[in-house]
Amino acid sequence: MKVARILGLILLLYWLQSCSHKVQPTKNITATTNPAPVAFIVVDGMGNIRTPKNQLPTPVAQKANYTTIARAFTPNQRKNLLYRFNTIPPRIIYVSPAYARQSLKGTYCIYKKKFWYWQHADGLFYLDETYYQ
């Protein structure tokens, strides 16, 4: 009888302790992930296409003309960029609309806290010409 009371008291204490804890719902991981990376390179500084059209969003892929945008910096422009910034930034990038900013001049993005890119009619962001001219 004494063992039954002790066992009953332990079960009662265990039940009270378990009721005092709050249950937190688990987070839905798919709902909290970003829709796309902040930015990814479409055409690098050497004129190489880094992102094919099928990896771009459909509205942007329909407007982008790779035959005209796949151009490299000239040798003088590359030399100027290397001298001023110690790197050659990508020529064209794609930025998710969630990360693009608005100003009176238009839609822009700051890439790696250093280079300003402006959005053109095709939906892609082009390096500001003041960096290489």
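About the criteria used
Residues numbered from 1 in each chain as written. Predicted model: local features only at pLDDT ≥ 70, side-chain atom pairs only at ≥ 80, totals over all residues. Heavy atoms only, no water. Buried < 20%, exposed > 50% of the residue type's maximum accessible area, 1.4 Å probe, protein only. Helix = DSSP H or I, 4+ residues; strand = E, 2+ residues; numbered from the N terminus. Arc of directions from axis to C-beta. Pairing = 2+ DSSP bridges. 1 Å grid on protein atoms, 1.4 Å probe; cavity = no way out; pocket = protein on both sides within 12 Å on 5 of 7 lines; lining within 4 Å. Points joined across faces, edges and corners; volume = space filled by probe spheres on them. Nonpolar A, V, L, I, M, F, W, Y, C, P; charged D, E, K, R; others polar. Core = buried A, V, L, I, M, F, W, Y, C linked by side-chain atoms within 4.5 Å. Contact = heavy atoms within 4.5 Å. Polar contact = N/O pair within 3.5 Å; in protein donor to acceptor, adjacent residues only side chain to side chain. pLDDT = per-residue confidence, 0-100.

At 3.6 residues per turn, the α-helix brings residues three or four places apart onto the same side. The set of residues buried in helix α5 (residues 75-85) consists of Gln-77, Leu-81 and Phe-85. Axial view of α5: buried residues confined to an arc of 35°, hence all on one face. Exposed residues pointing more than 90 degrees away from the buried face of α5 are listed as Pro-75, Asn-76, Lys-79 and Tyr-83.

Backbone geometry places Lys-112, a non-glycine residue, at a positive phi of 55°. By secondary structure assignment, the location of Lys-112 is in the loop between β4 (107-111) and β5 (115-119). For Lys-112, a relative accessible area of 65% corresponds to the exposed category. Of note in this structure, Lys-113 is not a glycine but carries a positive phi near 55°. Here Lys-113 is to be found in the loop between β4 and β5. The exposure class assigned to Lys-113 is exposed, which follows from its relative accessible area of 83%.

A few words on the sheet that holds strand β6 (residues 125-127). Strand order across the open sheet formed by 6 strands is β1-β2-β6-β5-β4-β3, with antiparallel pairing between neighbours. Among the strands making up the open sheet, the edge pair consists of β1 (39-43) and β3 (101-102). Bridge count between β1 and strand β2 (residues 92-95): 4 bridges; the pairing is antiparallel. By the bridge assignment, Phe-40 is partnered in β2 with Tyr-94.

What follows deals with the layout of surface pockets. Taking a probe equal in size to a water molecule and rolling it over the atoms shows the remaining empty space. Put simply, the largest pocket is a space of about 250 Å³. Along its surface, the largest pocket is lined by 14 residues, and His-120, Tyr-126, Leu-127, Glu-129 and Tyr-132 are the ones closest to its centre. Where the lining of the largest pocket is concerned, the elements lending two or more residues are α4 (66-69) and β6. A class-by-class count of the residues in the lining of the largest pocket yields 6 nonpolar, 3 polar and 5 charged.

Right, let's get into the nonpolar core. Within the largest apolar cluster, 13 residues are counted, with the highest numbers of intra-cluster contacts made by Leu-81, Ile-93, Phe-115, Tyr-117, Phe-125, Leu-127 and Tyr-131. In contact with Phe-125, not counting residues within four places along its chain, are Arg-91, Ile-92, Ile-93, Val-95, Ala-100, Thr-107, Tyr-108, Cys-109, Tyr-117, Trp-118 and Gln-119. Core analysis: the second largest hydrophobic core is formed by 12 residues, Leu-56, Val-60, Ala-64 and Ile-69 among them.

Relative to the helices and strands, Gln-119 resides in strand β5. Separated by 27 residues in sequence, Gln-119 and Ile-92 have C-alpha atoms that sit 9.6 Å apart. A polar side-chain atom of Gln-119 sits 3.4 Å from the main-chain carbonyl oxygen of Gly-123.

Confidence in the prediction of the protein, expressed as mean pLDDT, is 82, and 82% of residues score 70 or more. For the protein, per-element mean pLDDT is lowest for helix α2 (residues 29-32), which scores 48, and highest for β5, which scores 93. Across residues 30-35, confidence stays below pLDDT 50; counting only partners more than four residues off in sequence or on other chains, it has 2 contacts.

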